[in-house]
Amino acid sequence: QAVHEGGWLHGDLKPAHVLVGPRGDVKLVDFGLSRPFRLHAAADRPVAAGTLDYMPPEAFKGEPLDARADLYALGVMLYEGCTGRLPFVESEPVKLIMRHVETAPRPPREIRPDLPGQLERIILKLLEKDPADRPSSPDGVLSVLTALGGRKEVRAARVEKGSRYLF
């Protein structure tokens, strides 16, 4: 929220760039690819860069990026944290890109039936292909996650072999 309120896009949001302290405080690191939103909206914006597993469909299409691009990455991280796997897995980068652009992810509750429906809905909303269909800011996402935070059944999934991150 603070990054976006400052007019910036992180641009490479992934679990390795999110540090959680012993008291639950969260810090984002590695702003090497971050840019002001205005650069992502300009006609001469740079080609999108980042980690393919967490990049939003609009980045692959060369469209302008805003806060909803980072929210897509948050959706990927939540999906991975709740199911133990990424929403899209392909060995070839071009196939992975096409999955992000064209394919709906498998609903998380098919993998983890114990997940609350409200959590699944927010994850799938964050992973919408069209940025206009995603939340426009982290506010609503945070309120849903905060409300779910005290429930015992909301916890990180066991990571499957080959998965790189767990938050």
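Note: the structure precedes this text.
The sections below set out a description of the structure shown in this document.

Cut-offs and rules
Residues numbered from 1 in each chain as written. Predicted model: local features only at pLDDT ≥ 70, side-chain atom pairs only at ≥ 80, totals over all residues. Heavy atoms only, no water. Core = buried A, V, L, I, M, F, W, Y, C linked by side-chain atoms within 4.5 Å. Buried < 20%, exposed > 50% of the residue type's maximum accessible area, 1.4 Å probe, protein only. Helix = DSSP H or I, 4+ residues; strand = E, 2+ residues; numbered from the N terminus. Contact = heavy atoms within 4.5 Å. Salt bridge = Lys/Arg side-chain N within 4 Å of Asp/Glu carboxyl O. Polar contact = N/O pair within 3.5 Å; in protein donor to acceptor, adjacent residues only side chain to side chain.

### Quick word on the nonpolar core
Here comes step 1: Of all hydrophobic cores here, the largest spans 23 residues; its most connected members are Tyr 54, Val 76, Leu 119, Ile 122, Ile 123, Leu 126 and Leu 127.
Here comes step 2: Broken down by secondary-structure element, the contributors of at least two residues to this core are helix 4 (67–83), helix 7 (117–126) and helix 8 (138–148).
Here comes step 3: No other element matches helix 4, which puts eight residues into this core.
Here comes step 4: Not counting chain neighbours up to four residues away, the residues in contact with Leu 126 comprise Leu 71, Tyr 72, Leu 74, Gly 75, Leu 78, Arg 134, Pro 135 and Val 141.
Here comes step 5: Among the nonpolar cores identified, the runner-up in size contains five residues, and Leu 9, Met 55, Leu 65 and Ala 69 belong to it.

### Thoughts on the pattern of salt bridges
Here comes step 1: Inspection of the entire model under this criterion finds seven salt bridges.
Here comes step 2: Across the pair Lys 14 and Asp 12 runs a salt bridge, and its minimum N-O distance is 4.0 Å.
Here comes step 3: Take Lys 14: its relative accessible area is 12%, and that puts it in the buried class.
Here comes step 4: For the salt bridge of Arg 99 with Glu 90, the shortest nitrogen-to-oxygen distance reads 3.0 Å.
Here comes step 5: The exposure class assigned to Arg 99 is partly exposed, which follows from its relative accessible area of 25%.
Here comes step 6: Note on Glu 90: relative accessible area 30%, which makes it partly exposed.

### Description of the environment of Glu 90
Here comes step 1: If you trace the backbone, Glu 90 turns up in the loop between helix 4 and helix 5 (93–102).
Here comes step 2: Once the C-alpha coordinates of Glu 90 and Asp 53 are considered, the two residues, 37 residues apart in sequence, prove to be 9.4 Å apart.
Here comes step 3: Residues within four places of Glu 90 in sequence aside, it is in contact with Lys 95, Leu 96 and Arg 99.
Here comes step 4: Within the structure, Glu 90 has its side chain in polar contact with the side chain of Arg 99 (distance 3.0 Å).

### Description of the environment of Thr 83
Here comes step 1: Tracing the sequence through the fold places Thr 83 in helix 4.
Here comes step 2: Judged by its relative accessible area of 4%, Thr 83 is buried.
Here comes step 3: Sequence separation between Thr 83 and Leu 115 is 32 residues; the distance between their C-alpha atoms is 9.1 Å.
Here comes step 4: At 2.7 Å, the side chain of Thr 83 and the backbone oxygen of Tyr 79 are in polar contact.

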